[in-house]
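Now for the letters of each chain:
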Amino acid sequence: MSTAFVVGVLVAAGVFLLLRPGLLRVVLGFVLLGHAVNVVLLAAGGLDRRTPAVEEVGPDTADPLPQAFVLTAIVITFGITVHLLGLLRRGPGGQAHGADPTGGDGIGGAGRAGGRPTTGRRR
Amino acid sequence: MNVLLLIPVVGPLLVAGMLLVLPNRAGLHRVGGFATMTVVLAAGAVLLVRTSGGALPVLRVGGWPGPIAISLAADALSALLVTVTALVVLCCLVAAVGSGDDRRPYFLPLVLVLTAGADGAFLTTDLFNLFVLVEVMLVPSYVLVGLAGGAGRGGAGRVYVATNLLGSTLLLAGVALVYGTTGVVGLGDLAGVARAQPATAVACGVVLLAFGLKSALVPLHDWLPRTYPVVSPVVVALFSGLLTKVGIYAVIRIYAVVYDGDPGFRWLLGVVAMLSMVVGVLGAVGENSMRRILTFHMVSQLGYVLLGLALFTTAALAAAVYYLAQYILVKAALLLCAAAVRAGRGTDRLDGCGGLAGQRPMLALAFAGAALALAGLPPFSGFVAKFLLLRATAESGAWLAMTVAVLVSLVTLLSMLKIWSALFTGDPSASPTVAQRIGPTLVGPPLVLVGLSLMAGLAAAPLLAVADTAAAGLRDPAGYVRAVTGR
């Protein structure tokens, strides 16, 4: 019951932030949504069995598989959050969608302008 | 022999890691990229030959027991997609040399990681590993979208990243729900479970929704035409060959195995398929640049593949598999033509130039062939694909779907004629931009792909045999399930 409540609050806050203008809020919204999904994953393995799986296996042994899933998911979410923050630093912000009226994207002169791809240039 | 399954996944990852250590050796990057993709193509071809004979190689990495192991398995569908995508990636790498894309920092390592993720997604037998490998594929694509600066690039990059991140979050939530309702995530263990238990059907529905978003099916398609046209055309050709195709592959595989082709949801797939066809093709009508038109057609064409899944007869599934394989080649050819036009004219807007047919006859030939194949005219592979699909539709008595498919084909032809008349006919001296030289590295790849499409249309038997084997495996997944679970 409390797990469901936690997931509900996290999803509500995450969706609220996603719908606000500004990329930083979007990043924070995705962080909250990611946390909500991690809690769902943990709950999927059953929260009432608490004994670590490294000890003797019994009826109370926790299911290690969802824990491994959550670890993997946390690593992926962290990496993508860092990339999003890099995008945030690169752009001027506020541009909601990518209409490119000229259809041009400057292939020839691009060269090595990007520097490290995840951090990008500072405007 | 089953170690072959590792090559398409681990090979590109290893080489990408090595190339990342040596960022300034452009020549080495090129050689490494081409060599790796050639090896992956060879491995895919060997797997294809083996699986089309009915073999089903399975590899449990590290020899761990069933549910814990990271298993890779190849049936005819997986092997076919690995081979076709390796071909497309090779052609894109050649075109990237001509268009200058591969001089961007870290271009080749990113493409290799993208390929590794896509191939892994085609070969994995586990929903959670599918999520991880889709992420492996998406992260380099986020970087490729935002690689070079330019007007609007940042905005499009954000829409792209946000949409796919939302899709990944949904996918993970779906996997968690599936694990919560069943206690397993392996496709073999989940076989038929969603048909038997409504709770699992709902949980798996979340997974299908996420993949629907990733493969840009209507009504979840809006991000695709917003973001792809702003990205460099060679990168779009890569994305079109890998990203949306992983989404549609996952939808096909999950519906065939986990839902066991449940007749209760086929009407929903049929509605989504018809909506995708119509909305995609109508969206393309109003667009005015080559890439914009072509990206809308991506939405439309995936509708045809989904229609084959919705009918779920062996003939319809074979048509869908054949359609998917030839469509990857044809669409890559069209987008690489757009890359060549852009490299030659500096723009691919329809009002930006004209008269290319006289100046660049080989490019015009490649575009004409690919456009006819996309519209489904003989003797190209698109004709065989559409003919098979329409025949399967008629056999199932789905007359509405058949009418929609024929009408959408006609409008597709109109869109292609629009590009042809704007860019390739007319007076070249009246165009505002001066044509640059378009090298053989830009014209060659689309010509090769169109040649393959022509071959698949004139001598359709080998590809049809593979498609039939894949369809039989999807219609009755018992053999796949037995091989994957080892029981």
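Everything numeric in this text was worked out from a predicted model, so none of it was measured.

## Describing the overall build of chain A
Broken down by element type, chain A carries four helices and zero strands. Along its sequence from the N terminus, chain A presents helices and strands in the succession α-α-α-α.

## A closer look at the overall build of chain B
Secondary structure summary: chain B contains 20 helices and two strands in total. Compactness check: chain B gives a C-alpha radius of gyration of 21 Å against a globular reference of 23 Å for 487 residues, within 12% of the reference. Sorting the 487 residues of chain B into buried and exposed places 65% on the buried side. Taking the contacts inside chain B whose residues are at least 6 apart along the sequence as the reference set, 81% of them involve residues at least 24 apart.

## Remarks on the environment of Leu454 of chain B
All names here are of chain B. Its place among the elements puts Leu454 in helix α18 (residues 440–458). For the pair Leu454 and Gln326, spaced 128 residues apart in the sequence, the C-alpha separation amounts to 9.8 Å. Among all residues touching Leu454, those that are not within four sequence positions of it are Gly369, Pro379 and Phe380.

## Considering the confidence of the model for chain B
Put simply, chain B has an average pLDDT of 89, and 96% of its residues get 70 or more. The ipTM assigned to the predicted complex is 0.86, against a pTM of 0.91.

## Details of the packing of helix α5 (residues 127–145) of chain B against helix α10 (residues 233–257) of chain B
Residues and elements named next belong to chain B. The geometry of α5 relative to α10 is characterised by a closest axis approach of 12 Å and an angle of 160 degrees between their N-to-C directions. Overall, the two elements α5 and α10 adopt an arrangement that is roughly antiparallel. The chirality of how α5 crosses α10 is left-handed. Contacts from Leu130, Val134, Met137, Ser141 and Leu144 of α5 reach α10 at Val235, Phe239, Leu242, Leu243, Val246 and Ala250. When the residues that make up the contact of α5 with α10 are grouped by side-chain class, the tally is ten nonpolar, one polar and no charged.

## Here we look at helix α15 (residues 361–375) of chain B
All names here are of chain B. End to end, α15 covers 21 Å across 15 residues, agreeing with the expected 21 Å (1.5 Å per residue, within 8%). Along α15, eleven of the 15 residues are buried, which leaves the element largely enclosed by surrounding structure. Within the sequence span of α15, burial applies to Leu363, Ala364, Ala366, Phe367, Gly369, Ala370, Ala371, Leu372, Ala373, Leu374 and Ala375. Where α15 is buried, its residues contact α12 (290–311), α13 (314–345), α14 (356–359), α16 (381–396), α17 (399–424) and α18.

## So, the packing of helix α1 (residues 2–18) of chain A against helix α2 (residues 23–44) of chain A
Residues and elements named next belong to chain A. Taken N-terminus to C-terminus, the directions of α1 and α2 make an angle of 160 degrees; their axes are 7 Å apart at the nearest point. In terms of orientation, α1 and α2 fall into the roughly antiparallel class. Where α1 crosses over α2, the handedness of that crossing is left-handed. Between α1 and α2, the residues in contact are Thr3, Val6, Val7, Leu10, Val11, Ala13, Gly14, Leu17 and Leu18 and Arg25, Val26, Leu28, Gly29, Leu32, Leu33, His35, Ala36, Val39, Val40 and Ala43, respectively. Class assignment for the residues of the contact of α1 with α2 results in 15 nonpolar, four polar and one charged.

About the thresholds
Residues numbered from 1 in each chain as written. Chains lettered and ligands numbered in written order. Predicted model: local features only at pLDDT ≥ 70, side-chain atom pairs only at ≥ 80, totals over all residues. Helix = DSSP H or I, 4+ residues; strand = E, 2+ residues; numbered from the N terminus. Rg over C-alpha atoms; globule rule 2.2 N^0.38 Å. Buried ≥ 20, exposed ≤ 12 C-beta atoms within 10 Å, placed from the backbone. Contact = placed C-beta atoms within 7 Å. pLDDT = per-residue confidence, 0-100. Axes fitted to C-alpha atoms, helices over the stretch in contact; angles between N-to-C directions. Parallel < 35°, antiparallel > 145°, perpendicular 65-115°, else oblique. Left-handed = near helix turned anticlockwise from the far one by under 90°. Nonpolar A, V, L, I, M, F, W, Y, C, P; charged D, E, K, R; others polar. Expected span 1.5 Å × (residues − 1).

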